[in-house]
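Understanding the architecture of this molecule
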Amino acid sequence: LGEEIMDNSKQRKIGTLLGYIHIALQSLVSIIYIPLLINGIGDGEYGLYQIMSSIIAYFSIMEAPMSSAILRFYSQYKNESDINKMENVLAIGKNIFSVISLIVIIIAIPCLFGIYSLYKNSFTNAELIEAVIMFIIMTINIVITIRNYVYVAAISANEKYIFIKIVSIVTLIIQPVGVYS
């Protein structure tokens, strides 16, 4: 038990340090990456990307209360050492996030058709096609992300902060490298 407490304390300390590194890297990426991105793809495509990102951001709002609830109940049952209830919370969470993912897809379909209607007078045909492709890719990405929140909640509840922060840092670095390549 003493070793576990020491491990959790070390996880929190290193996780906090990695959190600060993540914040610094996020600021650095924003300062360097966005001007390079705008220069590389142009103002028009960057604006298109921002519009599609704004629409997709509304879908991610659907998961916030559920992630917190899963983390809360999983942690509570972990403290009670009730493995059966812990497994049930994860299973229920996985099912709920599957339903949320389905709802996102159902909502995304009319939005996809709405993109053409709303922006046909503002965008060229090439921009409309690109907007639709971006929207589809972003929708797939948010569905995959939502379905993984149950795992993130379990990792957080088990206080594996180092793992979570390293994944966040690697993702933060890979995204601009992948887009810019």
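The structure under discussion appears in the preceding block.
Anyway, here's the lowdown on the structure attached to this text. (Residues numbered from 1 in each chain as written. Predicted model: local features only at pLDDT ≥ 70, side-chain atom pairs only at ≥ 80, totals over all residues. Heavy atoms only, no water.)

**A word on helix H3 (residues 83-119)**
For H3, built from 37 residues, the straight-helix expectation of 54 Å at 1.5 Å per residue is met to within 8% by its first-to-last C-alpha distance of 51 Å. In the structure, H3 departs most strongly from a straight axis at Phe 113, where the bend amounts to approximately 30 degrees. Of the residues making up H3, those classed as buried are Met 86, Val 89, Gly 93, Phe 97, Ile 100, Ser 101, Val 104, Ala 108 and Ile 115. (Helix = DSSP H or I, 4+ residues; strand = E, 2+ residues; numbered from the N terminus. Expected span 1.5 Å × (residues − 1). Bend = angle between axes of the 7 residues up to and from the residue. Buried < 20%, exposed > 50% of the residue type's maximum accessible area, 1.4 Å probe, protein only.)

**What to know about the nonpolar core**
Counting 27 residues, the largest nonpolar core has Met 52, Phe 59, Val 104, Phe 135 and Ile 142 as its most contacted members. For this core, the secondary-structure elements that each account for two or more residues are helix H1 (2-60), helix H2 (64-79), H3 and helix H4 (125-157). Of the residues forming this core, the biggest block, twelve residues, is contributed by H4. Apart from residues no more than four positions distant in its own chain, Met 52 is found in contact with Ile 115, Tyr 119, Ala 131, Met 134, Phe 135 and Met 138. Judged by nonpolar contacts, the second largest core, of five residues, contains Val 29, Tyr 33, Tyr 46 and Leu 172. (Core = buried A, V, L, I, M, F, W, Y, C linked by side-chain atoms within 4.5 Å. Contact = heavy atoms within 4.5 Å.)

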